[in-house]
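Structural features, examined
Here's the letter readout for the chains.
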Amino acid sequence: MTMTLNRVSVPVIVDEGKCIADKGCTVCVDVCPLDLLAIDLLKGKAYMKYDECWYCLPCETDCPTQAIRVDIPYLLR
Ligand code: SF4
Ligand code: SF4
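So, a few notes on the structure that sits alongside this text. Since the model is a prediction, treat every value here as computed from it, not as a measurement.

Quick word on the site of ligand 1
Taken together, the neighbourhood of ligand 1 is formed by Cys19, Ile20, Ala21, Cys25, Val27, Cys28, Ile39, Ala46, Cys63, Pro64, Thr65 and Ile68. With respect to the pocket detection grid, ligand 1 is positioned in the second largest cavity. Residues of the shell around ligand 1, tallied by class, amount to 11 nonpolar, 1 polar and no charged.

Some details on the site of ligand 2
Taken together, Val12, Cys32, Pro33, Leu36, Leu37, Cys53, Trp54, Tyr55, Cys56, Leu57, Pro58 and Cys59 make up the full set of residues near ligand 2. Most atoms of ligand 2, that is more than half of them, are within 2 Å of grid points of the largest cavity. A class-by-class count of the residues in the shell around ligand 2 yields 12 nonpolar, no polar and no charged.

Structural notes on unusual backbone geometry
Positioned with a positive phi, Tyr55 is a non-glycine residue whose angle comes to about 60°. On the secondary structure map, Tyr55 appears in the loop between strand S3 (45-48) and helix H2 (58-62). Residue Tyr55 is classed as buried on the basis of its relative accessible area, which comes to 18%. Not every positive phi belongs to a glycine, and Gln66 is a case in point at roughly 50°. We classify Gln66 as exposed; its relative accessible area is 55%.

What counts and how
- Residues numbered from 1 in each chain as written.
- Chains lettered and ligands numbered in written order.
- Predicted model: local features only at pLDDT ≥ 70, side-chain atom pairs only at ≥ 80, totals over all residues.
- Heavy atoms only, no water.
- Near = heavy atom within 4 Å.
- 1 Å grid on protein atoms, 1.4 Å probe; cavity = no way out; pocket = protein on both sides within 12 Å on 5 of 7 lines; lining within 4 Å.
- Sits in = over half its atoms within 2 Å of the grid points.
- Nonpolar A, V, L, I, M, F, W, Y, C, P; charged D, E, K, R; others polar.
- Helix = DSSP H or I, 4+ residues; strand = E, 2+ residues; numbered from the N terminus.
- Buried < 20%, exposed > 50% of the residue type's maximum accessible area, 1.4 Å probe, protein only.

In structure tokens, the structure reads:
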């Protein structure tokens, strides 16, 4: 068995049960200063497209349904 230190998931987690991108919301996409988030048009849900997060958090705080959780790495807390 091989050990890997690669992260298996991106830091911004979207709860697809709460995300209302299918109803036209694009708040998180609009507020991210780095344009890291996007809407998956097939699913109608937001997701993290580019894993280069600054952990600035407006995506999490501005989401109207609290669908976003930003997983801040331990060393940055
Ligand atoms: S702000 Fe929230 S509800 Fe709106 S698209 Fe982003 S994750 Fe979905
Ligand atoms: S924490 Fe900041 S950089 Fe990271 S996805 Fe959210 S808005 Fe973008």
